[in-house]
Every structure is written in C-alpha cells, then in structure tokens.
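Residue-level structural notes
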Amino acid sequence: MAAPRAPLHLVTPVWSGGTWGIRGLSSAVAPEGNKKRTLLQLLCGYFSGVRVLREYQFRKQLQKVQKKNRSFTYIQDRYGPDIAGAYFILKLGGSVKFQGNEWMGPKDHGHSLDVLKLQAVPVEAVDASGCAINYQGLDNLLALKELRSLSLQRCPHVDDWCLSRLYLMANSLQELSVAGCPQVSERGLACLHHLQNLHRLDISDLPAVTNPSLTQILVEEMLPNCEVMGADWTHSLNPQPEDESQDIASPSAPSPSSRSSAG
Amino acid sequence: MLRRALQLGLGRGFWSRGLGTRRGGSTLDWDGKMLEIKKKIQSVLPGSAWEPLYDTSHLPPEHSDVVIVGGGVLGLSVAFWLKKLEQRQGAIRVLVVERDHTYSCASTGLSLGGIRQQYSLPENIQLSLFSADFLRNINEYLAVLDGPPLDLQFNPLGYLLLASEKGASIMEKNVKLQRQEGAKICLMSPEQLRNKFPWINTEGVALASYGLEGEGWFDPWCLLQGLRRKVQSMGVIICQGEVTRFVSSLDCMKDVDGEEVTLKRIYEVHVKMNQSLEYQPVECAVVINAAGAWSGQVAALAGIGQGPPGTLKGTKLPVEPRKRYVYSWHCPQGPGLEAPLLVDTSGAYFRRDGLGHNYLGGCSPSEEEEPDPGDLEVDHDFFHHKVWPPLAQRIPVFEALKVQRAWAGYYDYNTFDQNGVVGPHPLVTNMYFATGFSGHGLQQAPAVGRAVAELVLNGQFQTINLNAFTFDRFFLGVKTEEFNII
C-alpha cells in the first residue's frame, strides 16, 4: 500500500513548488536543455525503471574513476613509492621521468621491467595531462619525495580539494601546471601558498576562475618568487608569452574579455 | 451528464437574472452572464479540476513514519541519511516540517560556513572529519539525475588558532589528539608564523595551530539547497508549517526501586499550516527534533522539562537561541589570498571574503553581555568595542578599515556544555534530538544526520559513537565540554 501512495504525495502543490525551483535552476545552466535531452532522459520522467538504470549507470561511472585511482599498496610495499607512483601514472596514460633518464610514455608501459630497473632512482617529473587522476589517486604522487615538476593539465577530476593537498610536496616541487582543469578555481589556487619553492606555475585557461587576471595578480603577490603563467590575454599580446608574462601582468594592463573567453 | 450540467448552469443563470430584474435597478449584462455560465459548465465537465470534496493536497500526509521538526541543514541531513540507509527503496516515509521556506532567520544561511577539525573532543573531531569527506564528495552523495552539479565553493585555507602562553599546553594536547584522529594539523611557533603570514603581529602569541587539509569555509546555502533537492528526489516530503502539538500516549511502569516512571510516546503531531488556523494531525512513529535554536520550545511542547526540578522529568533541554553578529568590512591593504580563518587569542575571528579585500568576522560575546535574542538587529557598537580592537592589534593593517554591512544569526546554544544533543529522550521515548551544536552544527550536519539515522534504523551508533552527546548528561550533570584555548 505504501509504494503506490508515495508517488501521489509527489504532486502536492508544496512539492511541485520545490521541483519547479530545481528545474528553473537547471534551465539556467543549460538554456536549451529541452533540445539536448536524450531519449533516456525523456523516458526517465515516465518510467522509474529507466531512472534506476540511469542512476546505476551514473554510479558505475563514478566507480570506474575510483577504481582507476586506487593506490597500489602492494607495489609500494615491494618496490617503494617511486615505482608505485610511476606505475600509477603510466597506467593512467601519463608519462614520467626518472632522474637522469628519458621521459617514459604510456607506450612504454608494457616494458614494466624497464621501470623495475630504476628502483633506486627517484621520479623527477610527472606529466599527467588529461588523466583521470582524482583526490584519492593523488596519494600515489604525494609519496614522491623528489618530484620537481608536476603537470596536471586538463585533468577533469582535479579540483580545489586536490590542490589543497599539494602542500605535502612543498619541499621539492618547482614546476606545476594546472592549466585547463575545469574544476580548479581561485579558492584552490590560494592553497598553493604552501609551495614556496615553486618557480613556475601555469594557471591559464581555468574556466571555473571568475576573474582570471585578478586571480593571476593575487597569485603572483602570494608567490613572489614564482613565474605565473595565467590569463589568455598575455598569450595573445605576446608571441613568446612564457618569457615575459611577468612584465605584462601589471594591474594597469587592460584585460579584454578574459572571462568570456575562458568560458 | 452533460445535459444535466447544462440545465443546472442555465437554470441558475436565469434564476439570478430574475432576482436582478425584480430589484429593478441593474441593466442586463448578457455577455457577462454567458461567460459565467460557460465557466460553470467547464468546471463541472469531466476531466476538469472540479472536486466535490474539499481539496487537501496542500496538507502534509496523514501518516508518516518519521516526522522531522526543522528543515535546516541538520533536519535535511537526517532525512537524507534515513532515505540513504533504508533497507528497501521507499521503506520509510519521511516528512520534514519547516516553518519558513525562505530560511530568513535560520542559522544555516546566516552562518560563516566554516569547517574545522581543531576540537578537543574526539567525537567532534570525528564528526568534522566525516563531514569534510562528505563535502568533498558532495556531488556523489547529493547527485540528482539531470541536475546541475553543486558548486560548494569550498575554500581549503584552514583555520589558524592562536594561543597565548596560558593556552599553549592545552593547544599542544589538543593537536596531539587531533593528529591521532587523523586530522592534518600542524603547530607553528611565533617565528614560523611571522615568516608564513607577515601581516600578523605575534605579540602575546606563544603557539599557533594551523589546519592543512579539510579545513576552511564553504557556501552553506549550497549545502542546504543541495540537500533539499536530493531529499525531495528521494521521496521525502517537505512541508511548510509549524508543529503546534504532540499527542502522546502514557505508559506507567515501576522501576527496581518501586518508583513510578511514566514513559511517553508521541503518536500524533499536529502540523499547523502557515498563515492559517488549519492543521493536520500526522500519525508518526518517530519524531526528530532538529529545530535548531528553537528546539527547546519544541521539546517543551512534548512535555520535556515539565516536572519537579531535579528529576529526569523536570530536566529541560538546555538549548536556547543566542544572537551572534557577523560584520563585513573592506580593508585595501588587508591580508591576501593565503589568509586562513584566523581565531585570535581574544576570541575574535575573521576570514577573507572573495578576492576584493573584503573580510568577514566577529566575536562571541561573554555571558554577561549576551544580546537579547528577540530580534536579529545588529549592535554596531559591539564591533567597535569588542571585535575591532583585538583584530587591529593582531593584524596592524586592520587599523584602517571600513565596515560595509553586518548581520546577525542565531546559535542553537546549549547552555549546559556548548555541545550537541544527539539521540533519544529517556522518557519521551520516540523523540530524537539533533540539535544544540552551539555554532558548529552546520559543519557537522552530514555526520550527525548519519548518526541519528543509524540510531533510528538500527538502534545504535555505528560509524561514530556519540554516546557522550545523549540527553542523559543533563540529568546526571556530566558535562561533555570542549577545552578551548580561547
């Protein structure tokens, strides 16, 4: 008796008032939501089975990311944190550089013997561009004591919470790139004040940052010894922006529509 | 059916016109009459909204397994965990009764939204750690199909507590405990403090503790709306109304000493609708008191505290509203992006607000100068006498600042020991509390909601043991106190 009654309650006026608000919210985010609605989305409103299926699908997607990011405790215990970290990054599709060695890409992943040979050599640089690394997966990298360069470009799951953990690498980290991470905002960038050894920081193309130019200036103030590469307009003004970006980034410089270009 | 309806409508139309002519004054409004008739016919036709009986769809349901009094962040969190932990989908019917859907004076929206793990009780540290984890994964917990992801706006900049020489040893002990529980807190000497935050005047500071992970502040409104959205999608009914009466049954028993004990059980809750005298009796099995600052009143409605003083029956729920001010000021030379939420040795605190050198802060008044909690008026002198001087002494650039606005909010202040009340009442057996957190209810709400839900569903705490927070302590006189440095 309880089950068929429950949906009936959903149509009381008070309730629909609430749902209206949520629909209003969603339409504010995606104005042409109706056009983009898939068939499954449409069916969701009519059949609870479809809804359950889609929720299951959503959970599966989350689990997939979590599974990719679990830590390799066995490898870490057996071969040390550097091998485990390198193995983790190679498995995700990134590349690593051991001290005194060449870069190793995901193609070299098959030759796991090569990695094992480097057991005593610390990892110097990690390029995890576009990898599905998240807060949990960062555990593998935080154990790398000699890591000097870290690139997290365009990582979809890297957010402010991840950046707040980088203080553990404060002693070694010199170069960091979080360019193009869709979830990184100025709130996470503020946490980088722990990284006082940082020489180079790339914070360009962050769509979640509301005021890219202002944020860049504030980050530069916060990290006086660091070269900060930031908002798009510095790139457009200068053919070699990486060399002179610090000179250009003065408060008086104009910032034409940097927000809109960042999305 | 149709013909009869037509006849009915037309007949009444002619009748009223007849009346009009008999009085003789009015002119013939043919079009208006026809429109009226048409409307009547339309309303009587099948498939229309016409209902012969009174429409009660705006009232809450007559039965609900759990009634949660208070739809703030704590009440909604209890609702969320009840639905999340239920065995079978739709097994429990949950009704949340909220007095004000705009949350105009609810503590949730008016708070600073800070979260910290720097407590001295293991329970509080665990609650905050769990909540930080919840907030980190908020888009997994509170995901709604096709809904936009929540933007919690979490600022992971940590709390910086300063201790004078007197408080240094307590702080050291606290930090040791916090580290044991898994919080990432570090201690800093005045020298380190000066290097890290050159804008702090370290005079009178002996030690500082600084949260490195999972501490900071977030947007409380986002958490509230996210919970509301999720809970509604899970089938919880949120109703705007006020609980005016609890109808309970009495059970008289004798304890081992031969004394009579009266156990109460609430079986009906009267929910009065907003701005009307209409009320709906809701039959229920469990009532959860999450009314925040007003939970003392809700408890009194259930007869808690109505007995001779000194007995369990006469023990009131010691939660009352206390007014706290939040001031917002602008200081162009103020601390930059790295500024954490700083709590001074004097108890004054502030945090950065946005990128434009705006700051929010305040201070808890002493017991003697508690403001009257009758309204939410702001006392601006309080800033000039109690908040500004210690802050300007600690951060010299704050000598020059401009107050821009201020507001006041309520603490659900536990006058007994300033800690939360969780769990059932010993005599009113089916009223559970989730209140009295005295200012840190928002940050602990996700964990407290889970604890209460576990208690209701399984009869015991499972993830975090909160037995130290039960109601019994008010009768026994055992205080569960925080040892704060300030």
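Being a predicted model, the structure only gives us computed values, none of them experimental.

Rules of the game
Residues numbered from 1 in each chain as written. Chains lettered and ligands numbered in written order. Predicted model: local features only at pLDDT ≥ 70, side-chain atom pairs only at ≥ 80, totals over all residues. Heavy atoms only, no water. Domains from an automatic or database assignment. Contact = heavy atoms within 4.5 Å. Salt bridge = Lys/Arg side-chain N within 4 Å of Asp/Glu carboxyl O. Polar contact = N/O pair within 3.5 Å; in protein donor to acceptor, adjacent residues only side chain to side chain. Pairing = 2+ DSSP bridges. Helix = DSSP H or I, 4+ residues; strand = E, 2+ residues; numbered from the N terminus. Axes fitted to C-alpha atoms, helices over the stretch in contact; angles between N-to-C directions. Phe/Tyr/Trp six-rings, centres within 6.5 Å; stacked < 30°, edge-to-face > 60°. Buried < 20%, exposed > 50% of the residue type's maximum accessible area, 1.4 Å probe, protein only.

**Some words on the domain arrangement of chain B**
Residues and elements named next belong to chain B. Under the domain assignment used here, chain B contains domain 1 (1–30 + 59–153 + 215–318 + 415–486) and domain 2 (154–214 + 324–409). When each unit is reduced to the centre of its C-alpha atoms, the spacing between domain 1 and domain 2 is 32 Å. On the domain 2 side, the residues contacting the 25 residues of domain 1 number 39 residues. Across the contact surface, domain 1 and domain 2 share zero salt bridges. For the pair domain 1 and domain 2, the number of links is 15 residue pairs in polar contact (both at pLDDT 80 or more).

**Structural notes on the sheet that holds strand E4 (residues 149–151) of chain A**
All names here are of chain A. Within the open sheet, the seven strands sit side by side as E2-E1-E3-E4-E5-E6-E7. Their pairing is mixed. Unpaired on one side and paired on the other, strand E2 (103–104) and strand E7 (227–229) mark the two borders of the sheet. Bridging between strand E3 (residues 123–127) and E4 involves three bridges; their strand directions are parallel. If you follow Asp127 over to E4, its bridge partner there is Ser151. Helix H7 (residues 81–92) contacts strand E1 (95–98), E2 and E3 of the sheet and is inclined by roughly 150° relative to E1.

**A word on the packing of aromatic side chains**
Residue and element names in this part refer to chain B. In the structure shown here, the tally under the stated rule is 27 aromatic pairs over all chains. Measuring from ring centre to ring centre gives 6.0 Å for Tyr103 and Trp221, while their planes differ by 85°; the resulting arrangement is edge-to-face. Of the two residues, Tyr103 is situated in the loop between strand E2 (94–98) and helix H4 (107–110) and Trp221 in helix H9 (residues 220–233); the sequence distance between them amounts to 118 residues. Overall, the relative accessible area of 4% leaves Tyr103 in the buried class. Ring plane angle 85° and centroid distance 5.2 Å describe the contact between Phe471 and Phe474, whose orientation is recorded as edge-to-face. For Phe471, a relative accessible area of 0% puts it in the buried group.

**Things to note about the pairing of E1 of chain A**
When a strand is regular, its side chains alternate between the sheet's two faces. Residues and elements named next belong to chain A. Of the two faces of E1, both are covered, the one formed by Ser95 and Lys97 as well as the one formed by Val96 and Phe98. Judged from the four bridges that link them, E1 and E3 form a sheet pairing that is antiparallel. Residue pairing across strands places Val96 opposite Val126, the latter belonging to E3. As paired strands, E1 and E2 are joined by two bridges and run antiparallel to one another. When the bridges of E2 are listed, Val96 appears paired with Met104. Count of turn residues in the E1/E2 antiparallel hairpin: four residues, of which Gly100 carries a positive phi of about 75°.

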